[in-house]
Amino acid sequence: MIPERLAPVLEEVRPLAARFDAAGHRLYLVGGIVRDLVLGRPVDGDIDLTTDATPEETTAAVKGWADAVWDQGARFGTIGLKKGDTTFEITTHRAEAYQPDSRKPEVSFATDVEADLSRRDFTVNAMALRVTGDAEQSPELIDPFGGVADLAAGVLRTPLSPEESFTDDPLRMMRAARFVAGYDLAPEPELVAAVRRFVGRLEIVSAERIRDELCKLMVVEKPAAGLWFLVDTGIAHVVLPELPAMRLEQDPIHRHKDVLAHTIAVVSKTSPRLVLRMAALLHDIGKPKTRSIGPKGVSFHHHEVVGARMARERLRALRFPNDQIEAISQLVYLHLRFHGYRDEVWSDSAVRRYVRDAGDLLEDLNELTRCDCTTRNERRARMLAARMDALEARIAELRAQEELEAIRPDLDGQQVMAHLGIPPGPAVGEALSMLLEARLEEGPLGEEEARRRLDAWWATRSTAT
């Protein structure tokens, strides 16, 4: 009897399994999909399989059945294919290891699934489910390293020794953080000790692979345990040194909250959206460089400005896309803007500027601001929440009156040039800046009033020049 949760996946791979059966090859579901099926979690994304067939034999087996086949990964043993809406990746049983000074794995193929599973990262991923042979009636779980037991016990282990596993692929040390956080697994002491000993090996891993693994950790539901793992094992010192730098030495007289603990608490409170979570992680990285002690205690003046620059530099080093770099660094730069808000202080123009400067990031900025409050003082927490509620209410009120998200001058560049009879040039930009400033201060002017202001400005500018 096939368990109900397995049936949909087995039904999807059955035609593929039949082709491998007919060709005399074995085929297995492997890795994350098996782990999630064991846990009863939803199975999303590609379907990963492993086989004793070579890449050439795999290509021959799927020919005529798959809608599309790609073999860019063939030298690493992987053939990709698509059937309908489903993407499959089929990899020949293999073993791979990095040389001490190389970022490229040397791949050798194996003929049995146990050898393949032994080279997987963790026991909870070193399980396979046979889908060929008589699997239609009785699917067989291949679990030579006790992955099911480790899932039940909440333990993170490597199939072989952790030293061997991390030598094979140093990125597994970072991946451990994601499994600690995402699956609530406690790393065994030997694994932790090996990470601390081998952490320098991460320097041979490409920035892109490190970035991708960091991004996966940042969007798990509860990333805190994984972030502490990165710091406590020394991984963060290699891949994100700004993080442990926030563990500031506490002055016995001028106390302040632990910036690192505060940062991880803020990340944990935010929604699992990558840009927002990365901004939460980096929002206070400017504090160590700006800390000063004066008569009123510890201060971090302009840490948002310094932090935004530092965030941009680190994200570039990690090869983040430009749009994400700009969004994250802008959130870091703006994260203190709210703290000047009072109903009686902020004019409508100040609210407009807040919305305009945030742009498409307004929702993320407001959430980051709310989550940045980690005080244990309930009275202060309620006060800050009430002030943010009030600001959002004013934004909603102004939005009902004006198109806040699209605040722009009442005239565009073409209209300015036509009205003043001038060609493109710096004067057009100056005119638009003047009109935008008036729009922010006073709200919509209308085209007639905007032209009147433009004439007055132009007359003053012409006289001055």
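Nothing here was measured: the structure is a model prediction, and the numbers come from that model.

The rules behind these values
- Residues numbered from 1 in each chain as written.
- Predicted model: local features only at pLDDT ≥ 70, side-chain atom pairs only at ≥ 80, totals over all residues.
- Heavy atoms only, no water.
- Helix = DSSP H or I, 4+ residues; strand = E, 2+ residues; numbered from the N terminus.
- Buried < 20%, exposed > 50% of the residue type's maximum accessible area, 1.4 Å probe, protein only.
- Contact = heavy atoms within 4.5 Å.
- Areas by Shrake-Rupley, 256 points an atom, 1.4 Å probe, with all protein chains shown as cover.
- Salt bridge = Lys/Arg side-chain N within 4 Å of Asp/Glu carboxyl O.
- Pairing = 2+ DSSP bridges.
- Phe/Tyr/Trp six-rings, centres within 6.5 Å; stacked < 30°, edge-to-face > 60°.
- Axes fitted to C-alpha atoms, helices over the stretch in contact; angles between N-to-C directions.
- Parallel < 35°, antiparallel > 145°, perpendicular 65-115°, else oblique.
- Left-handed = near helix turned anticlockwise from the far one by under 90°.
- Nonpolar A, V, L, I, M, F, W, Y, C, P; charged D, E, K, R; others polar.
- Arc of directions from axis to C-beta.
- Core = buried A, V, L, I, M, F, W, Y, C linked by side-chain atoms within 4.5 Å.
- Polar contact = N/O pair within 3.5 Å; in protein donor to acceptor, adjacent residues only side chain to side chain.

K.L.:
Any chance you could break down the overall build of the chain for me, citing the residues and the numbers?
P.N.:
Of the regular secondary structure elements, the chain holds 23 helices and 13 strands. Per-residue burial over the chain gives 49% buried out of 465 residues. When contacts within the chain are restricted to residue pairs at least 6 apart in sequence, those whose partners lie at least 24 apart make up 66%. Accessible surface for the chain amounts to roughly 22300 Å². Of this, 50% is attributable to carbon and sulfur atoms.

K.L.:
I'd like to hear about the pattern of salt bridges, residue by residue, with values.
P.N.:
Per the counting criterion, the structure on display carries 31 salt bridges. A salt bridge links Arg-314 to Glu-242; the shortest N-O distance between them is 3.0 Å. You can see Arg-314 sitting in helix α16 (residues 303-317) and its partner Glu-242 sitting in helix α12 (residues 242-245), a full 72 residues away along the chain. Since its relative accessible area comes to 13%, Glu-242 is described here as buried.

K.L.:
Quick rundown of the environment of Ala-245? Include the residues and the values.
P.N.:
Here Ala-245 shows up in helix α12. A sequence separation of 44 residues divides Ala-245 from Lys-289, and the C-alpha atoms of the two residues are 9.5 Å apart.

K.L.:
Please provide a residue-by-residue account of the pairing of strand β2 (residues 47-51), values included.
P.N.:
β2 sits mainly inside the fold: four of its five residues count as buried. Examined bridge by bridge, strand β1 (residues 27-30) and β2 share three bridges and lie antiparallel to one another. Paired with Leu-27 across the strands is Thr-51, a residue of β2. Looking at chain direction, β2 and strand β5 (residues 86-92) are connected through five bridges and run parallel.

K.L.:
Please provide a residue-by-residue account of the packing of aromatic side chains, values included.
P.N.:
Counted according to the given criterion, the structure contains four aromatic pairs. With a centroid separation of 5.5 Å and an interplanar angle of 55 degrees, the aromatic rings of Phe-122 and Phe-179 are classed as tilted. You can see Phe-122 sitting in the loop between α4 (113-118) and β8 (128-130) and its partner Phe-179 sitting in helix α7 (residues 171-182), a full 57 residues away along the chain. The pair formed by Phe-122 and Phe-179 is uniform in burial state, with each residue classed as buried. Summarising the aromatic geometry, the rings of Trp-457 and Trp-458 are spaced 6.0 Å apart at their centres and angled 40 degrees between planes, so their arrangement reads as tilted. Put simply, the rings of Phe-122, Phe-179 and Tyr-183 touch in pairs and so form one group of aromatic residues.

K.L.:
Give me the sheet that holds β2: which residues, what numbers.
P.N.:
Pairing is mixed across the open sheet formed by seven strands, whose spatial order is β3-β4-β5-β2-β1-β8-β9. At either margin of the open sheet sits one strand with a lone partner, and together these are β3 (68-70) and β9 (140-142). Shown here is a sheet whose adjacent strand axes are inclined to one another by a mean of 30 degrees, direction ignored. Contacts from helix α2 (residues 32-39) reach β1, β2, β8 and β9 within the one sheet, and its direction differs from that of β1 by about 65 degrees.

K.L.:
For the packing of helix α1 (residues 7-22) against helix α3 (residues 55-62), give the residues involved together with the corresponding values.
P.N.:
Their axes nearest at 9 Å, the elements α1 and α3 cross at an angle of 120 degrees. As judged from the angle between their axes, α1 and α3 are oblique. The two elements α1 and α3 cross, and the hand of that crossing is right-handed. Contacts from Leu-16, Arg-19 and Phe-20 in α1 reach Thr-58, Ala-61 and Val-62 in α3. Within the contact of α1 with α3, the residues separate by chemical class into four nonpolar, one polar and one charged.

K.L.:
Account for helix α8 (residues 189-198), naming residues and giving values.
P.N.:
For α8, every residue scored as buried is listed here: Leu-191, Val-192, Ala-194, Val-195 and Phe-198. Buried positions in α8, seen along its axis, are confined to an arc of 160 degrees and lie on one side of it. Opposite the buried face of α8, at more than 90 degrees from it, the exposed residues are Pro-189 and Arg-197. On its buried side, α8 packs onto β10 (155-156), α6 (162-168), α7, β11 (186-187), α10 (224-233) and α11 (235-239).

K.L.:
An account of the nonpolar core is requested, with residue identities and associated values reported.
P.N.:
Taken as a class, soluble globular proteins show a tendency for nonpolar side chains to be buried jointly. Within the largest apolar cluster, 108 residues are counted, with the highest numbers of intra-cluster contacts made by Leu-16, Leu-29, Leu-49, Phe-229, Ile-235, Met-278 and Tyr-354. Sorting elements by how many residues they give to this core places α7 first, with eight residues. Residues contacting Phe-229, with those up to four places away along its chain left out, are Met-173, Ala-176, Ala-177, Val-180, Pro-187, Leu-191, Val-192, Val-195 and Ile-235. Met-417, Ala-427, Leu-435 and Ala-450 belong to the second largest nonpolar core, which has twelve residues in total.

K.L.:
Could you give an account of the pairing of β1, naming the residues involved and the relevant values?
P.N.:
Here β1 shows no split at all, with Leu-27 and Leu-29 on one side and Tyr-28 and Val-30 on the other all buried. In this sheet, β8 lies alongside β1 in antiparallel orientation, the contact comprising three bridges. Pairing of Tyr-28 across the sheet is with Arg-130, part of β8.

K.L.:
Break down the side chain of Ser-329 for me, with residues and values.
P.N.:
Residue placement: Ser-329 occurs in helix α17 (residues 322-334). Accessibility expressed as a relative area gives 1% for Ser-329, which makes it buried. Side-chain polar atoms of Ser-329 contact the backbone oxygen of Ile-325, separated by 2.7 Å.

K.L.:
I'd love a proper account of unusual backbone geometry, names of residues and values included.
P.N.:
For residues besides glycine, phi is generally negative; the peptide bonds are generally trans as well. The phi dihedral of Asp-184 is positive, around 55 degrees, even though this residue is not glycine. Relative to the helices and strands, Asp-184 is located in the loop between α7 and β11. On the accessibility criterion, Asp-184 (66% relative accessible area) is exposed. You will see that Arg-319, though not glycine, has its phi angle at about 65 degrees, which is positive. Within the secondary structure layout, Arg-319 lies in the loop between α16 and α17.

By themselves these figures say nothing about function.
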